[in-house]
Amino acid sequence: MGKIIGILGGMGPLATVDLFQKIVLQTEVDFDEGHIHIVIDNNPQIPSRIDYIFNSGESPLNQLIKSAVKLEMMGADVIVMPCITAHYFYKDIVPFLNITFINMVEETVREINGECKVGLLSSEGTSKMGIFDDFLKKYNIDFIKPDGKMQRYITDIIYDVKKGRENYNRENLLKVLEHMKCEGVDLFVLGCTELPIAFRHMGIHEVYVNPTEILARRAIEFAGKKVVR
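First, a word on scope: everything that follows refers to the structure included in this document. All values reported here derive from a predicted model rather than from experimental measurement.

1. Topic: the environment of Asp 147
Here is step 1 of the chain: Locating Asp 147 in the fold gives a position in the loop between strand S6 (142-144) and helix H8 (148-162).
Here is step 2 of the chain: A relative accessible area of 58% places Asp 147 in the exposed class.

What follows is the structure in structure tokens.
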């Protein structure tokens, strides 16, 4: 019997769907029975990570732990979580598990060529809490992040995806990308799982790293399957 992947989802639902779809499409199979058994806990009621971090809102940690443990009890052999800001709580969730919990952030950074300069696009929470920063420094990767108005443009796009809107402000996004390229950036990291959805919809063709894509590949490999190349 093959390994089971557990997706700790709902933050947000479209990002969860995106990861699930990528696992299915990137698994090399010849028939339905060859696909990986996947269990998903899509819980959009997990309290806002941003509200907790910046506004003393309700902590999402208990719900995150509950969801992770539930997935383990459902038979998952590995857990993946398609929300980068929620990785702020990664180290607090791991002690409650007896199975592997793949760290999406570290796996993403390990894919980056250390000789390039990275532009990190993310939620305000991910940026301010430095969720990527320690890993980027660990692997000696030079990086910059947008701030002020430029960060607000990225935040607006993230929340448009969460709201199910598709009329993203492409002009503002292009301003951010051009500004960062003028600062020497030659590779972007889409450090929020809503951003690959927006980039795909808007047809943005910059050189970038997609953490959802990387997480899907790692999960497939953990399950003992081949990744479609």
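Next comes the rest of the description.
2. So, the sheet that holds strand S4 (residues 100-101)
Here is step 1 of the chain: Across the sheet, 4 strands lie side by side as S2-S1-S3-S4; this open sheet has parallel pairing. One side of each edge strand has no neighbouring strand; the edge strands of this open sheet are strand S2 (37-42) and S4.
Here is step 2 of the chain: Inspection of the sheet shows strand S3 (residues 78-80) paired to S4 by 2 bridges, in the parallel sense. Bridging from a neighbouring strand, Val 78 pairs with Thr 100 of S4.
Here is step 3 of the chain: Sheet strands in contact with helix H11 (residues 211-222) are strand S1 (4-9), S3 and S4, and its direction is about 170° off that of S3.

3. Brief notes about the side chain of Arg 49
Here is step 1 of the chain: Here Arg 49 is to be found in helix H2 (residues 49-55).
Here is step 2 of the chain: Buried charged residue Arg 49 carries no salt bridge. Nearest counter-charge: Glu 194, at 7.0 Å.
Here is step 3 of the chain: Polar side-chain contacts of Arg 49 include one of 3.1 Å to the backbone oxygen of Pro 47.
Here is step 4 of the chain: Other than its neighbours up to four places away in sequence, Arg 49 contacts Met 11, Pro 60, Cys 83, Thr 85, Ala 86, Phe 89 and Lys 162.

4. Things to note about the nonpolar core
Here is step 1 of the chain: Core analysis: the largest hydrophobic core is formed by 33 residues, its most contacted members being Ile 5, Ile 23, Val 80, Ile 112, Val 118, Phe 132 and Leu 136.
Here is step 2 of the chain: Looking at this core, the elements that each hand over two or more residues are S1, helix H1 (13-26), S3, helix H5 (104-110), strand S5 (117-122), helix H7 (133-138), strand S7 (187-191) and H11.
Here is step 3 of the chain: Ranked by the residues each element gives to this core, the list is headed by H11, at 5 residues.
Here is step 4 of the chain: Beyond its immediate stretch of four places on either side in the chain, Leu 136 contacts Val 109, Ile 112, Leu 120, Ile 141 and Phe 143.
Here is step 5 of the chain: If you look at the next biggest cluster of nonpolar residues, it comprises 22 residues, including Met 180, Phe 188, Cys 192 and Leu 195.

Thresholds, definitions, all that
- Residues numbered from 1 in each chain as written.
- Predicted model: local features only at pLDDT ≥ 70, side-chain atom pairs only at ≥ 80, totals over all residues.
- Heavy atoms only, no water.
- Helix = DSSP H or I, 4+ residues; strand = E, 2+ residues; numbered from the N terminus.
- Buried < 20%, exposed > 50% of the residue type's maximum accessible area, 1.4 Å probe, protein only.
- Pairing = 2+ DSSP bridges.
- Contact = heavy atoms within 4.5 Å.
- Axes fitted to C-alpha atoms, helices over the stretch in contact; angles between N-to-C directions.
- Lys, Arg positive; Asp, Glu negative; His and termini not counted.
- Salt bridge = Lys/Arg side-chain N within 4 Å of Asp/Glu carboxyl O.
- Polar contact = N/O pair within 3.5 Å; in protein donor to acceptor, adjacent residues only side chain to side chain.
- Core = buried A, V, L, I, M, F, W, Y, C linked by side-chain atoms within 4.5 Å.

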